[in-house]
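The primary structure of each chain is shown beneath.
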Amino acid sequence: MPEQSYYLGVDIGTTSTKAVLFDRAGKVITGDTVFYALETPNPLIAEQDPEEIFRAVLTSVRKTIRKSEIDTKQLKLVSFSSAMHSLIAVDAEGSLLTQSITWADTRSAKHAKYIKERLNGHEIYLRTGTPIHAMSPLAKLVWLKDEKPKVFEQAAKFIGIKEFVFHELFGTYVVDHSIASATGLFNLEQLDWDREALAVAGITPEHLSHPVPTTHQLTGLVTEHALFMGIPENVPFIIGASDGVLANLGVDAIEPGVLAVTIGTSGAIRTVTTEPKTDPKGRTFCYALTENHWVVGGPVNNGGIILRWLRDEFASSEVETAKRLGIDPYDVLTKIADTVNPGADGLLFHPYLTGERAPLWDANARGSFFGLSIHHKKQHMIRAVLEGIVFNLYTVLLAVEELIGEPVRIQASGGFARSDMWRQLLADVFDKPVVIPESFESSCLGAVVLGMYAIGEIDDFSIVSDMIGQTHTHEPQEASAGIYRELLPIYIRLSRLLTAEYESIADFQRKHLE
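Residue numbers here run from 1 along each chain, matching the order of that chain's written sequence. Side-chain atom pairs in this predicted model are given and counted only at pLDDT of 80 or more, local residue features only at pLDDT of at least 70, and totals for whole chains, interfaces and linings cover all residues. Heavy atoms from the whole structure form the basis of all side-chain values; hydrogens and water molecules are not counted.

**Thoughts on the overall build of the protein chain**
Right, so step 1: What the protein chain contains, in helices and strands, is 19 helices and 23 strands.
Right, so step 2: Here the C-alpha atoms of the protein chain give a radius of gyration of 22 Å, agreeing with the 24 Å that 2.2 N^0.38 yields for 514 residues.
Right, so step 3: With the principal axes as the frame, the protein chain shows a C-alpha extent of 65 × 60 × 45 Å.
Right, so step 4: Classification of residues uses two cut-offs on accessible area relative to the type maximum, computed with a 1.4 Å probe and protein chains only: under 20% is buried, over 50% is exposed, and between them is partly exposed. Counting over 514 residues, the protein chain shows a buried share of 61%.
Right, so step 5: Throughout, a contact is declared for two residues whenever any of their heavy atoms are within 4.5 Å. Sequence-distant contacts in the protein chain: of pairs separated by 6 or more residues, those separated by 24 or more amount to 72%.
Right, so step 6: In the structure as shown, the protein chain presents an accessible area of about 20200 Å², 50% of it carried by carbon and sulfur atoms.
Right, so step 7: Residues scored as positive are Lys and Arg, those scored as negative are Asp and Glu, and His as well as the terminal groups of each chain are ignored. The atoms used to mark charge sites are NZ of Lys, CZ of Arg, CG of Asp and CD of Glu. Across the protein chain, the mean location of the 46 positive side-chain charges is 4 Å away from that of the 65 negative side-chain charges. Helix and strand labels come from DSSP, where a helix needs a run of H or I of at least four residues and a strand needs a run of E of at least two; each type is numbered from the N terminus. Radius of gyration here is computed from C-alpha atoms only, and the compact-globule reference equals 2.2 Å multiplied by the residue count raised to the power 0.38. Areas reported here follow the Shrake-Rupley algorithm with a probe of radius 1.4 Å; residue values treat only the protein chains shown as occluding.

Given below as structure tokens:
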């Protein structure tokens, strides 16, 4: 009987780090999630403690290994997924000079606009694949240089959260091509740092980590950390890629024409091409998976984070009800939303509570209800919030379709995919069948499959189609889809008409809240 093999995927997300242990067939053995805070003292700041996140990585792995009770000699690899666009300044000793400035931080909005309008930003985007926006480490660096010059000058390295974790584990600064391709500083054709982008940021390659392929392996864990996690020091760690591109791999959306839709804390629409492809209009990203797989799409800031806001600020009684019944508060919210007609009786919600990336690329964008009348109740507002998140994703789909054509299939994943109401809503708004894999651990599974490829256990990614298990398909309901076809043009026009007002209200908030 062949020896059993196990593979550990670790996903460093915005609100939690998750470790999931798989067997070779892709079956989930066990897993663990450790949550942490996103510090948002005002609408512009969104930071995290890198050391807290590193502890979450160690703890999630430790708990997963303990719960699994496997013989750790059978652990073949640990492979990583991570959120993109974070920026951390460290000094020559590796000590923190800043918190982790996340993708949701918008303090560099004016600097991004300046880069775009005055510093050849569009040409930089066309080479680097990262739209010029406050999410981008390029814009964050320019902001840091202008607003915190002492910190900027003291910094020996500017890194992301995964680089921080790997430096703690192995004592070296490396960055995978996928995370690097999301910085706005990385030339997609040359697979190296872009000279013009570095000049705009005011840094040299020595300020950044060494770029390596997503299949890069590291061994020789720091003994202390290996002992804490309960794994051998010589287990190969695969640097992996970003959560977005690995989610595509993890839901088997890696063939051209297959579209992946993900809603986690944030959200995205992505498809795979065989070579780098950027948008002449600057609306979409292009990030690396491997040298032969490039992921094109659009990210949104406002996914599950909006539902959490709705739960925390407007649904205290519903949360209490859920606690008494022993059910998830989000299930209560979706059940309430399902009592309301599609279209929420003409109530629209623009979910731009943290600015917005695709399709607006406007860090000044702000949320709003439109069409509110005395007829509307709390349940209408809940429904409108859920619909607004999906409406916004639909507008991203329009941009992606313009670039790569109409998708042949849509694969959905993320926390929202657990909800039947959400899945049907996506099918109705998109007016297309939506396929949902049984496995919800798409980024961790994608990391593991990439890891298996890295160590030579598989020759390609075709194994994923067997690993994701059974799929479920939701067909659009014509009556609901027809209502959304009427509302979507209004929704899209509104966001365009409010562009100048977004800037005005954001300026007011910066003036009075900073």
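**Regarding helix α4 (residues 137-147)**
Right, so step 1: Within α4, 8 of the 11 residues are buried, which leaves the element mostly enclosed by the surrounding structure.
Right, so step 2: Pairs of N or O atoms within 3.5 Å make up the polar contacts considered here, provided that, within protein, one atom can donate a hydrogen while the other can accept it, and that residues adjacent in sequence are counted only when both atoms are side-chain atoms. Capping the start of α4, Ser-136 holds a side-chain oxygen 3.1 Å from the backbone nitrogen of Leu-138, two or three residues further along.

**Re the pattern of salt bridges**
Right, so step 1: Salt-bridge detection follows one rule: a side-chain nitrogen of Lys or Arg within 4 Å of a carboxyl oxygen of Asp or Glu. Applying the stated criterion across every chain, the model contains 23 salt bridges.
Right, so step 2: The salt bridge partner of Glu-387 is Arg-383, with a shortest N-O separation of 2.8 Å. Of the two residues, Glu-387 and Arg-383 are both situated in helix α14 (residues 378-404); the distance of 4 residues between them amounts to about one turn of the helix. Arg-383 carries the same exposure label as Glu-387, and that label is buried.

**Considering the side chain of Asp-32**
Right, so step 1: Within the secondary structure layout, Asp-32 lies in strand β3 (residues 28-35).
Right, so step 2: Sequence-distant contacts of Asp-32, defined by excluding residues within four places in its chain, comprise Thr-17, Lys-18, Ala-19, Thr-59, Ser-60, Lys-63, Thr-64 and Lys-67.

**Quick word on the pairing of β3**
Right, so step 1: For two strands to count as paired, DSSP must find a minimum of two bridges between them. Where strand β2 (residues 16-23) lies against β3, 7 bridges are found, and the strand directions are antiparallel. Bridging from a neighbouring strand, Leu-21 pairs with Thr-30 of β3.

**Points about the sheet that holds strand β1 (residues 6-12)**
What holds strands together in a sheet is hydrogen bonding between their backbones, with the strands either parallel or antiparallel.
Right, so step 1: Ordered by their spatial adjacency, 6 strands build an open sheet running β3-β2-β1-β5-β14-β13, and the pairing between neighbours is mixed. Only two strands of the sheet have a single neighbouring strand rather than two, namely β3 and β13 (217-218).
Right, so step 2: Note: strand β5 (residues 75-82) against strand β14 (residues 237-242), 4 bridges, orientation parallel. Residue pairing in the sheet places Ser-81 in a bridge with Ala-241 of β14.
Right, so step 3: Packing of helix α1 (residues 50-68) onto the sheet brings it into contact with β1, β2, β3 and β5, and relative to β3 it is tilted by some 150°.
Right, so step 4: With respect to the sheet, helix α10 (residues 243-250) is in contact with β1, β5 and β14, its orientation differing from that of β14 by roughly 95°. Structural elements are reduced to axes, namely lines fitted to C-alpha atoms, with helices fitted over the stretch in contact, and the angle between N-to-C directions of any two is expressed from 0 to 180 degrees.

**Comments concerning the pairing of strand β17 (residues 285-290)**
Put simply, side chains in a regular strand alternate between the two faces of the sheet.
Right, so step 1: β17 sits mainly inside the fold: 6 of its 6 residues count as buried.
Right, so step 2: Summarising the sheet, β17 and strand β18 (residues 293-300) pair through 5 bridges and their orientation is antiparallel. If you follow Ala-288 over to β18, its bridge partner there is Trp-294.

**So, the sheet that holds strand β16 (residues 267-273)**
Right, so step 1: Taking strand neighbours across the sheet as the criterion, the 7 strands line up as β17-β18-β16-β15-β21-β22-β23 in an open arrangement whose pairing is mixed. The open sheet has two edge strands, β17 and β23 (471-474), and neither has a second partner. Between one strand axis and the next, the sheet turns through 30° on average, direction left out of account.
Right, so step 2: Note that strand β21 (residues 409-413) and strand β22 (residues 434-437) share 2 bridges and pair parallel. For Ile-410, the partnering residue across the bridge sits in β22 and is Val-434.
Right, so step 3: On top of the sheet, α10 reaches β15 (258-263), β16, β17 and β18; it is set at about 65° to β16, its chief contact.

**Describing the packing of aromatic side chains**
Right, so step 1: Each aromatic pair joins two rings of Phe, Tyr and Trp (for Trp, the six-membered one) with centres within 6.5 Å, and gets the label stacked for planes under 30 degrees apart, edge-to-face for over 60, and tilted for any other angle. This structure, assessed with the given rule, holds 15 aromatic pairs.
Right, so step 2: For the ring pair Phe-170 and Phe-237, a centre distance of 5.4 Å and an interplane angle of 75° mean the geometry is edge-to-face. Of this pair, Phe-170 sits in helix α6 (residues 161-170) while Phe-237 is found in strand β14, placing the two residues 67 residues apart along the sequence.
Right, so step 3: Taken together through their ring pairs, the aromatic side chains of Phe-80, Phe-166, Phe-170 and Phe-237 make up a single cluster.

**A closer look at α10**
Right, so step 1: Of all 8 residues in α10, 7 are buried, a share of seventy percent or more.
Right, so step 2: Buried within α10 we find Gly-244, Val-245, Leu-246, Ala-247, Asn-248, Leu-249 and Gly-250.

**Focus on the nonpolar core**
Right, so step 1: The term nonpolar core refers to a set of buried residues drawn from Ala, Val, Leu, Ile, Met, Phe, Trp, Tyr and Cys, joined through side-chain atoms within 4.5 Å. Ranked by internal contacts, the top residues of the largest apolar core, which has 128 residues, are Phe-158, Leu-185, Ile-269, Leu-386, Val-429, Phe-430 and Val-449.
Right, so step 2: The greatest single-element share of this core, amounting to 13 residues, is contributed by α14.
Right, so step 3: Look past the residues within four positions of Leu-185 in its chain and what remains in contact with it is Thr-128, Leu-138, Leu-141, Asp-192, Trp-193, Asp-194, Ala-197, Leu-198, Ala-201 and Leu-208.
Right, so step 4: Among the nonpolar cores identified, the runner-up in size contains 39 residues, and Tyr-36, Val-57, Val-61 and Leu-75 belong to it.

Scope: geometric values only; no functional claims are made or implied.
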